[in-house]
Amino acid sequence: MDPVLRVVTGRWTTSILWHLVSEGPLRFGELMGLMPEISAKVLTDRLRMLEKNGLVLRTQKPTIPPEVSYQLTSEGQDLHKALAALNKVALKWGEMGWEPEKGFPEPALEAT
C-alpha cells in the first residue's frame, strides 16, 4: 500500500482527487477556483504526476484556445470509497476540534 499512498497523499493531491471524484471532469480554472490557495505551477505539477501515474486523464479539445479538462480514470475512480471514508473521518474530527499539528483539544477536567 505504501507506493499508492506516496502517490495519492502528496500536498494538494488528495484535494485534487477529491474534487475530481466529487465534481466530475473539471477544467484547470475550475480546479484553481476550488482550491484558491494552490499556485498554478503546483496544480500543473500535481495534475501531470497524477496523469503519469494513470489516475487522471487529461482531455484536450481542438478549439482555439484549446479546452482542456481533467477527470479520473477508472483506476482513479477506485479511490472513491477510500477518499469518501477519509472525508467522513475529517468531518468527524473537525467537529471534535481536531487540528493538524495540534491534535484534539484537551478534555475539560471535572471538578471533584
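Residues numbered from 1 in each chain as written. Predicted model: local features only at pLDDT ≥ 70, side-chain atom pairs only at ≥ 80, totals over all residues. Heavy atoms only, no water.

Student: Would you mind going over unusual backbone geometry with me for this structure?
Tutor: The bulk of non-glycine residues show a negative phi, and the bulk of peptide bonds are trans. Here isoleucine 64 and proline 65 are connected by a cis peptide whose omega angle stands at -10 degrees. Position of proline 65 relative to the elements: it lies in the loop between β2 (56-61) and β3 (67-72). At tryptophan 12, a position not held by glycine, the phi torsion is positive, near 75 degrees. Inspection of the secondary structure assignment puts tryptophan 12 in the loop between α1 (2-8) and α2 (13-23). For tryptophan 12, a relative accessible area of 16% corresponds to the buried category. At glutamate 101, a residue that is not glycine, the phi angle is positive and equals roughly 70 degrees. Within the secondary structure, glutamate 101 sits in the segment after α6 (80-95). (Helix = DSSP H or I, 4+ residues; strand = E, 2+ residues; numbered from the N terminus. Buried < 20%, exposed > 50% of the residue type's maximum accessible area, 1.4 Å probe, protein only.)

Student: What should I look at first to understand α2 in this one?
Tutor: Residue pairs spaced three or four apart in an α-helix point in one direction, given the helix's 3.6 residues per turn. Thr13, Ile16, Leu17, His19, Leu20 and Val21 are the residues of α2 that are buried. One or two residues past the end of α2 sits glycine 24, with phi positive at roughly 85 degrees.

Student: Could you clarify how one ought to interpret a nonpolar patch on the surface in this entry?
Tutor: A cluster of nonpolar side chains, Val89, Trp93, Met96, Trp98 and Phe104, forms an exposed patch at the surface whose accessible area comes to about 430 Å². Residue placement: phenylalanine 104 occurs in the segment after α6. Residue class for phenylalanine 104 comes out partly exposed when judged on its relative accessible area of 36%. (Patch = residues over 30% accessible without salt bridge, like charges linked within 9 Å, V, L, I, M, F, W, Y side chains within 5 Å. Areas by Shrake-Rupley, 256 points an atom, 1.4 Å probe, with all protein chains shown as cover. Salt bridge = Lys/Arg side-chain N within 4 Å of Asp/Glu carboxyl O.)

Student: Explanation requested: the sheet that holds β2 in the structure shown.
Tutor: Whenever strands of a sheet pair, they do so through backbone hydrogen bonds, lying parallel or antiparallel. Ordered in space as β1-β3-β2, the three strands form an open sheet in which the pairing is antiparallel. Each edge of the open sheet is held by one strand with a lone partner, namely β1 (26-27) and β2. For β2 and β3, the ladder comprises six bridges, and the chain directions are antiparallel. Counterpart to lysine 61 in the pairing with β3 is glutamate 67. (Pairing = 2+ DSSP bridges.)

Student: Can you help me understand the pattern of salt bridges in this one?
Tutor: On inspection of all chains with the given rule, the structure shows three salt bridges. A salt bridge links aspartate 45 to lysine 41; the nearest nitrogen and oxygen atoms lie 2.9 Å apart. With aspartate 45 and lysine 41 both in helix α4 (residues 40-52) and four residues apart, the pair spans about one turn of that helix. Residue classification places lysine 41 among the exposed positions, given a relative accessible area of 58%. The salt bridge involving lysine 61 is made with glutamate 67; its shortest N-O contact spans 3.6 Å.

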